[in-house]
Amino acid sequence: MLSKRFLTGILASKSQKISRIDPLKNTHIGSSPQRKDALAKVTGRAKYTADMDMRGMLHGKIFRSTIAHGRVTSLDCSRAEALEGVVAVVTYDDCRGIVFPTAGHPYAIPPARNDRADRNLLTDRIRLYGDEIAAVVAEDPVTAEKALELIEVEYEEYPFYLDPEDAVKEDAVHIHDGGNILGQNSLSLGEEDPEEVFKEAAHIIEDIYESPQVQHCHMENHICYAYKDDADRIVVVSSTQIPHIARRIMAHAFSMPFSKFRVIKPVIGGGFGNKQDVVLEPLTAFLTMKCSGRPVMIDLSREECMAWTRSRHGMRHYMKTGVDRSGRIIAKTLKSYGTNGAYASHCHSVVAKQGGDFLRHYPASRGSSFQGYTVYTNTATAGAMRGYGIPQINFAVESHMDDVARAIGMDPVEFRKINVIKEGQADPVGKLKLDSYGLSACFEKGLEYIGWEKKRELYKDQTGEFRRGIGFASFGYATGVWPISQEIAGARITMNQDGTVQLQVGATELGQGSTTVFCQMAAETLGISYEMVNLNSTTDTDMDPFDTGAYASRQTFVTGNAVHEAAVQLKAKVLARAAARLEREADSLDIRDARIVEAESGADLIGLDEIALDSYYHLPDSGVMTADVSTQTKTNPQSWGVTVAEVEVDMQTGKVKVLDICNIHDCGRVLNPLLAEGQVQGGMSMSLGFGLSEIMLYDPNTGRPLNNNLLDYKLPTSMDTPELGVKFTPVHENSAAYGSKSLGEPPAISPASAVRNAVLHASGVGINSLPINPQKLFEAFKKADVLNKETINV
């Protein structure tokens, strides 16, 4: 739930009468006399006094399809409308023509660069099991649920597609007009055609690697409420990562000015990319309009959240590599299919990013190519999830690197060292210079930690029921979205009368600790203590500077630059005022420990609190000292790292036990070691679930989600999670105001890959699809005939 304290702060106080005007028509109103009478008053533009606490909140529930693909042929809502306590029932007929994109990407002025607008508020064209047909608004959630049961619907059913390669067949029914390929692109590097180079390779290795759709499973489900304020504006309070973007999308969707919408993000319980889409905000805003501005809340259940918000893209990668006799990759190709689900969300960007990573991290010396396809399917819509496609391609590439090394008889780490992108090279894809590079140091620290040479030899040629192995995987990851997209951020700092400061940013705190780090930044630059910096974790588009939001591991880097610039400007104003009072030159002064001191000697001169008070109340010359900036960042440094893992495989049951695992990161300067360690451990745990147990399952006969709950969806618990090692090899990033690079997403990239390679080392069997669960391993062991009668009874 959202913070009750915050909720009552918005809806409570002063019993103010608020004018509510219904701007839309065709509301289905419940038939009870009391209900009709109540709504007649508000739709007749009478004043409406909200019951200013939770009792005044109306509750919205969504009526969902029970087929995976087709069209509604008949919809009867009359019994739901007649139910006592129902305020409104709305259907697709009430909102035709309201079409919008949902992805939390910065807006682009050239229309061709914007996201695909394929989402309707409600629809009669069904594209997945659970698609949104109608919505009920009632006085309480129980009544709303009862009303859903009274809606009667009939369908015309079409064939449905759970697999992207089935969806692109010539005879496949189109899920959207224009076909089932949502996006595609080709990239190539090198001057030679890789297919021609393959003819000269000493070894050619090709294989297929797959990873499934998985869910974010953030602690707080999607929840949102909206109401009209006394200025006739729509106020949306939402658990979102992108408040400013959500405001823009709603303004475009409803063809209304931006200023008619206010989005507030309170303290929320995680997102991991799932809340980088507008999922509930437009519908909730629409419902409050239909109910004459009364507050309406939609609070998804866990089951709804898992099946009908966003997921990680399922991927299938066809990979081919040619190497020469020295072990150097001379050519490679990749063809990828992404399962995008029923709606566009982030369109082709996730699959396209995987192609860039494939070409960049282990570049081929003569020629390489990538073909990527993002495909509509009748499954949960895929969008952003921690790592934005790189965990999937990392699993494929790092598994393939071990497989190639094994095929040519080379140590897998030595093979990587020969082929990995090197310090001083330019990024061959984005063309940005790699100014900081700590990957070599990460390699060495990881190998030392796990005891690579000793254990690789120790665990050779094992027999018996339990076998051990060690694995390795490496990664690189960007910091933000430049130059593909816009990177701007705002910061505002005001000095209070006592020398403390109020910091405001538009960046979004969703549990990752950005509020803490921004306060550290401001304190360091201003020369004051952390406790003297105040920053509210709430984001409000009316109050806070513009920032695109929490995604792409960007905020510490991009917003940090804005905080630094604002702090530098404020410090200059403080020193100028202090210089005037002390009759000294400003450049001879500094602020240390909230005291104005001589810059060279450090001699104490006057307290910062005295200068702050002077700025407010000095009669001849007063003025509050503040700085308000918006900065654009035009660099994108790479973070680097590796994972090393040791596992024990039960050859009889297929169970994998992770004995030891450690991530080593070059994330630039580590600004807050405790928060950084927590970020890494959280990402590692997420990746272990991705690698060993998690998968979204669908009924092949109906397309119905089978495990959209935390009982059947095998999310790792504390009992399944080993000790998670964390180490850093920080290399200062000069383009960052505070020397940092991305850390939010990179920890989730490579642990699954390292565990897979450790299982290969232990058992001699490479598993090319995730998750590596006991059933899959057991079947693979039988197929590979690696068992003997002493280890298993077949």
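Keep in mind that what you see is a predicted model, and the values were worked out from it rather than measured.

Draft legend 1. Main features of the confidence of the model for the chain. Here the chain averages 92 in pLDDT, while 92% of its residues score no lower than 70. Residue range residues 1-53 is modelled with pLDDT below 50. Its contacts to residues more than four positions away, or to other chains, number 104 contacts.

Draft legend 2. Inspection of empty space enclosed by the protein at higher detail. Taken as a whole and judged by the stated rule, the model has 8 cavities of 30 Å³ or more. Each pocket or cavity is described by its volume, and for the largest cavity that value is around 100 Å³. Around the largest cavity, the lining residues are Phe100, Thr102, Arg119, Asn120, Leu121, Glu132, Val278, Val279, Pro282, Leu283, Trp308 and Arg310. Counting residues per element, the ones that place at least two in the lining of the largest cavity are strand S7 (119-120) and helix H8 (281-290). Within the lining of the largest cavity, the residues separate by chemical class into 7 nonpolar, 2 polar and 3 charged.

Draft legend 3. View of helix H12 (residues 412-419). For H12, every residue scored as buried is listed here: Pro412, Val413, Phe415, Arg416 and Asn419. Taken end-on, H12 shows its buried residues confined to a sector of 160°, consistent with a single buried face. Measuring from the side-chain oxygen of the N-cap residue of H12 to the backbone nitrogen of Val413 gives 2.9 Å; that N-cap residue is Asp411.

Draft legend 4. Spotlight on the sheet that holds strand S22 (residues 501-505). With mixed pairing, the 4 strands of this open sheet are ordered in space as S23-S22-S21-S28. Single-partner strands in this sheet number two, and they are strand S23 (533-535) and strand S28 (626-632). Ignoring strand direction, the axes of neighbouring strands in this sheet form an average angle of 20°. Strands strand S21 (488-495), S22 and S28 of the sheet are contacted by helix H16 (residues 555-582), whose axis makes an angle of about 30° with S21.

Draft legend 5. Layout of the pairing of strand S26 (residues 595-598). Direction of pairing for strand S25 (residues 589-592) relative to S26: antiparallel, over a ladder of 4 bridges. Looking at S26, one finds that Arg592 is bridged to Arg595. Counting the residues that bridge the hairpin from S25 to S26 gives 2 residues, and of these Asp593 lies at a positive phi of roughly 55°. Sheet topology places S26 next to strand S27 (residues 604-607); 3 bridges connect them, and they run antiparallel. Counted as the bridge partner of Val597 is Asp604 from S27. In textbook terms, the turn of a hairpin is the stretch between consecutive antiparallel strands, and for S26 and S27 this stretch comprises 5 residues, one of which, Gly602, has a positive phi near 80°.

Draft legend 6. The side chain of His244, seen in detail. Here His244 lies in helix H7 (residues 243-253). Its relative accessible area of 6% is what places His244 among the buried residues. Not counting the four nearest positions on each side in its chain, His244 is found in contact with Gly506, Thr541, Asp544, Pro545, Phe546 and Asp547.

Draft legend 7. Structural view of the environment of His361. Positionally, His361 belongs in helix H10 (residues 349-361). Looking at His361, the relative accessible area reads 5%, which means it is buried. Separated by 113 residues in sequence, His361 and Ser474 have C-alpha atoms that sit 9.0 Å apart. Residues in contact with His361, not counting those within four places in the same chain, are Glu398, Asn419, Val420, Ile421, Leu439, Ser474, Phe475, Gly476 and Trp640.

Draft legend 8. Seen up close, the environment of Leu121. Tracing the backbone shows Leu121 in the loop between S7 and strand S8 (125-126). With 207 residues separating them along the chain, Leu121 and Arg328 place their C-alpha atoms 52 Å apart. Beyond its immediate sequence surroundings of up to four residues, Leu121 is in contact with Cys95, Ile98, Phe100, Glu132, Phe254, Pro282, Leu283 and Phe286.

Draft legend 9. Main features of the domain arrangement of the chain. By domain assignment, the chain separates into domain 1 (2-30 + 488-631), domain 2 (51-158 + 222-299) and domain 3 (392-482 + 636-788). Put simply, the middle of domain 1 and the middle of domain 2, counted by C-alpha atoms, are 34 Å apart.

Draft legend 10. Region of interest: the pattern of salt bridges. In the structure shown here, the tally under the stated rule is 43 salt bridges. Two residues, Arg366 and Glu192, come together in a salt bridge whose shortest N-O distance is 2.8 Å. In this pair, Arg366 is assigned in the loop between H10 and strand S19 (367-376) and Glu192 in the loop between strand S11 (181-189) and helix H6 (194-197), connecting sequence segments 174 residues apart. Arg366 serves as the salt-bridge partner of Glu200, at 3.1 Å between the closest nitrogen and oxygen. In this pair, Glu200 is assigned in the loop between H6 and strand S12 (203-211) and Arg366 in the loop between H10 and S19, connecting sequence segments 166 residues apart.

Draft legend 11. Looking closely at the nonpolar core. Core analysis: the biggest nonpolar cluster contains 90 residues, and Val649 and Val755 have the highest contact counts within it. Among the elements that make up this core, the one with the highest residue count is helix H11 (residues 390-408) (8 residues). Discounting residues that sit within four places of it in the chain, Val649 has contacts with Glu465, Phe466, Arg467, Lys655, Val656, Val759, Ala762, Leu777 and Phe781. With 59 residues, the next largest nonpolar core counts Tyr92, Ala138, Met250 and Leu280 among its residues.

Draft legend 12. Representation of the layout of surface pockets. Volume-wise, the second largest pocket comes out at about 510 Å³. Contributing to the lining of the second largest pocket are 20 residues, with Lys655, Val656, Leu692, Asp720 and Thr721 lying nearest its centre. Class assignment of the residues belonging to the lining of the second largest pocket gives a composition of 10 nonpolar, 6 polar and 4 charged.

Draft legend 13. Quick look at the packing of aromatic side chains. All chains considered together, the criterion is met by 8 aromatic pairs. Summarising the aromatic geometry, the rings of Tyr225 and Tyr227 are spaced 6.5 Å apart at their centres and angled 20° between planes, so their arrangement reads as stacked. Note on accessibility: Tyr225 and Tyr227 belong to one class, buried. Ring geometry for Phe254 against Phe261: centres 6.1 Å apart, planes inclined by 20°, an arrangement best described as stacked. When the ring centre of Tyr343 is taken as origin, the NZ or CZ atom of Arg119, which lies over that ring, is 4.2 Å away. The positively charged end of Arg554 is found above the aromatic ring belonging to Tyr551, 5.5 Å away from the centroid.

Draft legend 14. Structural context of the packing of H10 against H11. One can describe the packing of H10 onto H11 by two numbers: an axis separation of 9 Å at closest approach and a directional angle of 40°. By the criterion of interaxial angle, the relationship of H10 to H11 is oblique. For the element pair H10 and H11, the recorded crossing hand is right-handed. Residue-level contacts link Lys353, Gln354, Asp357, Phe358 and His361 of H10 to Ile390, Gln392, Ile393, Val397 and Glu398 of H11. Counted by class, the contact of H10 with H11 contains 4 nonpolar, 3 polar and 3 charged residues.

The rules behind these values
- Residues numbered from 1 in each chain as written.
- Predicted model: local features only at pLDDT ≥ 70, side-chain atom pairs only at ≥ 80, totals over all residues.
- Heavy atoms only, no water.
- pLDDT = per-residue confidence, 0-100.
- Contact = heavy atoms within 4.5 Å.
- 1 Å grid on protein atoms, 1.4 Å probe; cavity = no way out; pocket = protein on both sides within 12 Å on 5 of 7 lines; lining within 4 Å.
- Points joined across faces, edges and corners; volume = space filled by probe spheres on them.
- Helix = DSSP H or I, 4+ residues; strand = E, 2+ residues; numbered from the N terminus.
- Nonpolar A, V, L, I, M, F, W, Y, C, P; charged D, E, K, R; others polar.
- Buried < 20%, exposed > 50% of the residue type's maximum accessible area, 1.4 Å probe, protein only.
- Arc of directions from axis to C-beta.
- Polar contact = N/O pair within 3.5 Å; in protein donor to acceptor, adjacent residues only side chain to side chain.
- Pairing = 2+ DSSP bridges.
- Axes fitted to C-alpha atoms, helices over the stretch in contact; angles between N-to-C directions.
- Domains from an automatic or database assignment.
- Salt bridge = Lys/Arg side-chain N within 4 Å of Asp/Glu carboxyl O.
- Core = buried A, V, L, I, M, F, W, Y, C linked by side-chain atoms within 4.5 Å.
- Phe/Tyr/Trp six-rings, centres within 6.5 Å; stacked < 30°, edge-to-face > 60°.
- Lys NZ or Arg CZ within 6 Å of the ring centre and 35° of its normal.
- Parallel < 35°, antiparallel > 145°, perpendicular 65-115°, else oblique.
- Left-handed = near helix turned anticlockwise from the far one by under 90°.

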